[in-house]
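# Notes for the structure review
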Amino acid sequence: LQNCPTIESFEPKKELKRVLRGHHLPEDHPDKPKGFLSETFTRLQASVAAEMATFPGYEVTTMNFGGACIGAKVRVPSVNADLYWIGILGKWRYLFQSEIPAERS
């Protein structure tokens, strides 16, 4: 029984674009785009934002939890953010975003 997607199937830019266009939001969320024009504009905006944020570089870290699920973290220094996904039941699901912690001296 294959529960997790493969690590190779995780595409950071694609997943970041999905988050930026609100794919993870419930249908009744006020920030979720509704209608063809709104969805198209949001998709374009997300593509440009993802490319601009990742152009200077990003770092992907993954961790396999014994075959039950896979965790993925994408660090995007240009926007000072760490974004987290979980790979489970054959799909990658966005969890949350946090600020990159300041280095301690």
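Residues numbered from 1 in each chain as written. Predicted model: local features only at pLDDT ≥ 70, side-chain atom pairs only at ≥ 80, totals over all residues. Heavy atoms only, no water.

### Notes on a nonpolar patch on the surface
We apply this condition: Each patch is built from salt-bridge-free residues with over 30% relative accessible area, joining like charges within 9 Å and nonpolar side chains (Val, Leu, Ile, Met, Phe, Trp, Tyr) within 5 Å. To measure how exposed things are, a 1.4 Å probe is used in the Shrake-Rupley method; for residues, cover is taken only from the protein chains shown. A carboxyl oxygen of Asp or Glu within 4 Å of a side-chain nitrogen of Lys or Arg is what we treat as a salt bridge. Numbered from the N terminus, helices here are DSSP runs of H or I no shorter than four residues, and strands are runs of E no shorter than two.
Nonpolar side chains collect at one region of the surface, where Leu 44, Val 48 and Met 52 lie side by side and expose about 330 Å² of accessible area between them. Within the fold, Leu 44 resides in helix α2 (residues 36-54).

### So, the packing of aromatic side chains
Using the following cut-off: When two rings of Phe, Tyr or Trp (its six-membered ring) have centres within 6.5 Å they constitute a pair, described as stacked for plane angles under 30 degrees, edge-to-face for angles over 60, and tilted for the intermediate range. Residue burial is assigned from relative accessible area. The probe radius is 1.4 Å, only protein chains are included, and a residue is buried under 20% of its type maximum, exposed over 50%, and partly exposed in between.
Applying the stated criterion across every chain yields a total of 4 aromatic pairs. Here the aromatic rings of Phe 10 and Trp 85 are separated by 5.4 Å at their centres, their planes lie at 65°, and the arrangement is edge-to-face. Residue Phe 10 is found in the segment before α1 (12-20), and its partner Trp 85 is found in strand β3 (residues 81-88); the two are separated by 75 residues along the sequence. For the pair Phe 10 and Trp 85, a shared accessibility class is recorded, and that class is buried. Chaining the aromatic ring pairs together yields one cluster made of Phe 10, Trp 85, Trp 92 and Tyr 94.

### Notes on the packing of α1 against α2
So the rule is basically this: Axis definition: a line fitted to C-alpha atoms, limited for helices to the stretch in contact. Angles are taken between N-to-C directions and run from 0 to 180 degrees. If an angle is under 35 degrees, it is roughly parallel; if it is over 145, roughly antiparallel; if it lies from 65 to 115, roughly perpendicular; otherwise it is oblique. For any helix crossing, the convention is left-handed if the near helix is rotated counterclockwise from the far helix by under a right angle, and right-handed if that rotation is clockwise. Contacts are assigned to residue pairs with any non-hydrogen atoms lying within 4.5 Å of each other. Under the scheme applied here, ten amino acids are nonpolar (Ala, Val, Leu, Ile, Met, Phe, Trp, Tyr, Cys and Pro), four are charged (Asp, Glu, Lys and Arg), and all others, including Gly, are polar.
Orientation of α1 relative to α2, taken along the N-to-C sense of each, is 130°, at an axis distance of 8 Å. Between α1 and α2, the crossing angle belongs to the class labelled oblique. Once α1 is placed against α2, the crossing between them reads as right-handed. On α2, the residues touching Lys 13, Leu 16, Lys 17 and Leu 20 of α1 are Thr 42, Ala 46, Ser 47, Ala 49, Ala 50, Glu 51 and Thr 54. Its residues assigned to classes, the contact of α1 with α2 comprises 5 nonpolar, 3 polar and 3 charged.

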